[in-house]
Amino acid sequence: MSRHSMGLGGPPSPYEAGPEPADRSSVSRQPAYQSLRRSHRRFGVRATAVAVGGFLLYVLLSSFAPALMNTSVSGHLTIGLALGLGQFVLMSVIVWRYLVHMRTRVTPVVRGLRGLVRHHETTGRERAAFEARTAPRDEEFRSW
Amino acid sequence: MVTFGASVVDRLSLQLTLVLFLSVVVVTLFTALLTAPQRDEIGEFYLGNRVMSPLRNGLAMCGDYVSAATLLGSTGLVALTGYDGLLYLCGTAVAWMMVLLLIAEPLRNTGKFTLGDTLAIRLSRMQRPVRLALALCTLAITTLYLVAQLVGSVALLTQFTGEPSTATRTLCVIVIGTVVIVYAAIGGMPGATFIQVVKAVMLICGVTVAGVMVLHRFDWNFENLLAAAADNSGQGARFLEPGLRYGASVTSKLDFFSLQLAIVLGLAALPHVMMRLLAPKSVDVLRTSVVWAMGLVSLVCLAAGILGLGATAVLGSDTIADNDRTGNAAVLLLAHELGGAVLTALLSCLAFVTLLAVAAGLTLAAASSLAHDLYGEVIRKGRATQTEELAVARLAAAVIGVLGMLLALVSWGANSATLAFLAFAIAASAILPTLVYSLFWRRFTAQGALLSLGGGLLTSVLLVVFSPVVSSAPASLYPDADFAWFPLQNPGIVSIPAGFLLGWLGSVLSPPEAKETYEDFEVRTLVGVD
């Protein structure tokens, strides 16, 4: 994978940063990470269910309950057409909730955890360098 | 089906369109050449070095996402079928929510150049077969969608010249195809991005101006617009009620639901849209970009709805249907009525540029999948140098472009909407299950991925082969034969659950992946590393 190391002008990509799996598994044991994971997944599932499920329900209602959808709200504007416009309102509300959720719940925690990953990476690298320097002694200790 | 109505536009707007289109093509071609990757770096070719601002990323996403089918086809559908057409437009906007809520950020956090890279981290034990299957699905989807765009260009040409002769038709496809190859093969992602941004700006300006003109004509009163549309549709109030197109029987209602399912779930999994998601510099930039794109796509869909209703209200359904049975001419006719030659020229140029831009994005996505997944990782097993991979990517772009042109010339009479819907169905039933499972399901394995990719692709293609699209109906490819035992035109309602089911089955029947792999991957999707 080293052939890609010059590939991106942006930040280092996941491949070449190459932190050991051990570093991330220590992150995944953090309580903050666990609660972030749960709340994020719950939000994602709910929001998707409301947005996509709501739309599919609207399609089904239009096909199989036309009498309801054809009820006039005012003039030519029927419940069906109003619900169609309502989909756009619903979407903007969900986008707004999503941005709030990410800003207040996710980003601060993720920032902390990222620092932790970096910390583990550097200490891991230092430890590896140290162990490389002191490899023979290390073996002595182990046998002892 | 391409129909042979009289030409929509007069001589002046034809000349204006030509001049406008040529200047856009010349400017974008030069820019593509100037911004083309100078060094042999695949990062620059695939992603354009990730330097763009959120607004420009959002514009490019909107450009990739909205095809000429939305601009001309859906608007025409609104003009002819009212309520049912509006549902299509609504579905197009809702599909982008899937991208925002589920796919964008995890994909950006784990991805590198292609979706194959994400799957390779998640399913590292059998990454080569998975990459191979994914490349095949990507190739099938992009080729179908590319052919749909090129066939659409012939249909669009029909609006100007009446039925084109074989020579004109061939010339049109070859010119468009060649320009697309130059954008993709030489310009790479920076070139494709530039034309996407140009197209998105033109699209947003064009539909907004036309929409405002329609509303102005009806004194900014939505009720007046609805009333005039219902009166002039020849259907009365039925025009604003569901079922004009898909209300005949339970089968056609199910068909409609199946189509909506494929649109809502499939648009999000189209390869060129996903490739675009990897281009922003960081997750924060990506989030702002996707929200920008969400707003722009919603705006375009709302404006297209107003244009469709306006076309019926101003011109009447008969005029529109006389010109083109599918309604593709509605927007251009409306533009001619509202703004004369200039607006017609602007919108028809916009339609051609839309075709070009979407085709360029598709060619690039197919080329990157072939070069990176198939050549780089499967054939060369990760030992190819960047220079080699880049050469293969450029070559692949040319090959795909030529393949698309040949297929489009053979099948120029095919309905471009049908081809596009099949592409959506494959994306929703093959790529989406694999993507969703690998992001969110711990137990998912490589065998599951292979089964769902292959099974989803096969199921949707086979169901279409045995559907009224291919045989038994007057409008099908072989109207005289009858082997259509599957009653629906759109396979999504069966093939999407089948794709998810096969992915589940394959995973449950195979030994689980190492526990650490998923935990590591999950931390990556949430926290990222950059």
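Residues numbered from 1 in each chain as written. Chains lettered and ligands numbered in written order. Predicted model: local features only at pLDDT ≥ 70, side-chain atom pairs only at ≥ 80, totals over all residues. Heavy atoms only, no water.

Per an unreviewed UniProt entry, the recorded name for chain B is Cation acetate symporter, and the organism is Streptomyces pseudovenezuelae. A UniProt comment under Subcellular location (unreviewed entry) is attached to chain B, and it reads "Cell membrane". In the Sequence similarities (unreviewed entry) part of its UniProt record, chain B is described as follows: "Belongs to the sodium:solute symporter (SSF) (TC 2.A.21) family." (UniProt positions renumbered as here; feature names shortened; annotations may be inferred.)

Visitor: Help me get a handle on the packing of aromatic side chains, residues and values and all.
Guide: Considering all chains together, one arrives at 16 aromatic pairs over all chains under this definition. With centroids separated by 6.0 Å and ring planes inclined at 65°, the aromatic side chains of B:Phe45 and B:Tyr46 adopt a geometry described as edge-to-face. Take B:Phe45 and B:Tyr46: they sit in the same class, and that class is buried. Ring pairs connect the aromatic residues B:Tyr88, B:Tyr145, B:Phe256, B:Phe421 and B:Phe424, which therefore count as one cluster. Above the face of the A:Trp96 ring, A:Arg97 is positioned so that its terminal group lies 5.2 Å from the ring centre. Note that B:Arg122 overlies the ring of B:Phe521, its terminal NZ or CZ placed 6.0 Å from the centroid. (Phe/Tyr/Trp six-rings, centres within 6.5 Å; stacked < 30°, edge-to-face > 60°. Buried < 20%, exposed > 50% of the residue type's maximum accessible area, 1.4 Å probe, protein only. Lys NZ or Arg CZ within 6 Å of the ring centre and 35° of its normal.)

Visitor: Residue-level account of the interface of chain A and chain B, with values.
Guide: With 62 residues of chain A in contact, the opposing surface of chain B contributes 73 residues. The interface formed by chain A and chain B includes two salt bridges. Note that A:Arg37 and B:Glu522 form a salt bridge whose closest N and O atoms lie 2.7 Å from each other. Taken together, the links from chain A to chain B amount to twelve residue pairs in polar contact (both at pLDDT 80 or more). If you list the elements that add at least two residues to the side of chain A that touches chain B, you get helix 1 (14-17), helix 2 (21-28), helix 3 (31-64), helix 4 (66-69), strand 2 (77-78) and helix 5 (79-133) of chain A. Per-element accounting of the side of chain A that touches chain B gives the leading share, 18 residues, to helix 3 of chain A. Here the residues of the side of chain A that touches chain B sort into 34 nonpolar, 21 polar and seven charged. (Contact = heavy atoms within 4.5 Å. Salt bridge = Lys/Arg side-chain N within 4 Å of Asp/Glu carboxyl O. Polar contact = N/O pair within 3.5 Å; in protein donor to acceptor, adjacent residues only side chain to side chain. Helix = DSSP H or I, 4+ residues; strand = E, 2+ residues; numbered from the N terminus. Nonpolar A, V, L, I, M, F, W, Y, C, P; charged D, E, K, R; others polar.)

Visitor: How would you explain the layout of surface pockets if you had to name every residue and give the values?
Guide: Within this model, the second largest pocket holds a volume of roughly 530 Å³. Taken together, 32 residues line the second largest pocket, and the ones lying closest to its centre are A:His40, B:Pro106, B:Phe440, B:Thr525 and B:Leu526. If you list the elements that add at least two residues to the lining of the second largest pocket, you get helix 3 and helix 5 of chain A together with helix 5 (83-110), helix 12 (283-315), helix 16 (416-440) and helix 19 (515-527) of chain B. (1 Å grid on protein atoms, 1.4 Å probe; cavity = no way out; pocket = protein on both sides within 12 Å on 5 of 7 lines; lining within 4 Å. Points joined across faces, edges and corners; volume = space filled by probe spheres on them.)

Visitor: Before we move on, could you go through a positive patch on the surface and cite the residues and values that matter?
Guide: Residues and elements named next belong to chain A. On the surface, Arg38, Arg42, Arg46 and Arg105 cluster together into a patch of positive charge. With three residues, the single largest contributor to the positive patch is helix 3. Judged by its relative accessible area of 46%, Arg42 falls in the partly exposed class. (Patch = residues over 30% accessible without salt bridge, like charges linked within 9 Å, V, L, I, M, F, W, Y side chains within 5 Å. Areas by Shrake-Rupley, 256 points an atom, 1.4 Å probe, with all protein chains shown as cover. Lys, Arg positive; Asp, Glu negative; His and termini not counted. Charge placed at Lys NZ, Arg CZ, Asp CG, Glu CD.)

Visitor: So what's going on with the confidence of the model for chain B? Which residues, and what values?
Guide: When the pLDDT values of chain B are averaged, the result is 89; 98% of them are 70 or greater. Confidence drops under pLDDT 50 across residues 1-6 of chain B; counting only partners more than four residues distant or on other chains, this segment forms 20 contacts. (pLDDT = per-residue confidence, 0-100.)

Visitor: Before we move on, can you summarise the nonpolar core with the specific residues and values?
Guide: Generally speaking, nonpolar side chains in soluble globular proteins are found buried as a group. All names here are of chain B. The biggest cluster of nonpolar side chains holds 215 residues, and the ones touching the most others in it are Tyr46, Trp96, Leu277, Leu356 and Ile431. With 27 residues, the top contributor of residues to this core is helix 14 (residues 330-379). Those residues in contact with Leu277, other than ones at most four positions away along the chain, are Met61, Val99, Ile103, Ala104, Leu107, Arg108, Leu286 and Val290. (Core = buried A, V, L, I, M, F, W, Y, C linked by side-chain atoms within 4.5 Å.)

Visitor: Help me get a handle on unusual backbone geometry, residues and values and all.
Guide: Residue and element names in this part refer to chain B. In this structure, Asp219 is a non-glycine residue whose phi angle is positive, near 55°. The residue Asp219 is located in the loop between helix 8 (166-217) and helix 9 (222-232) in this model. Here Asp219 falls in the exposed class, since its relative accessible area comes to 60%. Within the chain, Trp220 stands out as a residue other than glycine whose phi angle is a positive 55°. Relative to the assigned elements, Trp220 resides in the loop between helix 8 and helix 9. On the basis of relative accessibility, which here comes to 52%, the residue Trp220 falls in the exposed class.

Visitor: I'd like a description of the pattern of salt bridges, backed by residues and values.
Guide: Close approach of charged atoms lets side chains of opposite charge pair. In this structure the tally under the stated criterion is ten salt bridges over all chains. Between B:Glu241 and B:Arg238 there is a salt bridge; the shortest N-O distance is 4.0 Å. Relative accessible area serves as the criterion here: at 37%, B:Arg238 is assigned to the partly exposed category. B:Glu519 serves as the salt-bridge partner of B:Lys515, at 3.3 Å between the closest nitrogen and oxygen. Remark: B:Glu519 and B:Lys515 occur in helix 19; sequence separation between them is four residues, near one turn of the helix. The exposure class of B:Lys515 is exposed, given its relative accessible area of 54%. The network of salt bridges with shared partners includes A:Arg37, A:Arg41 and B:Glu522.

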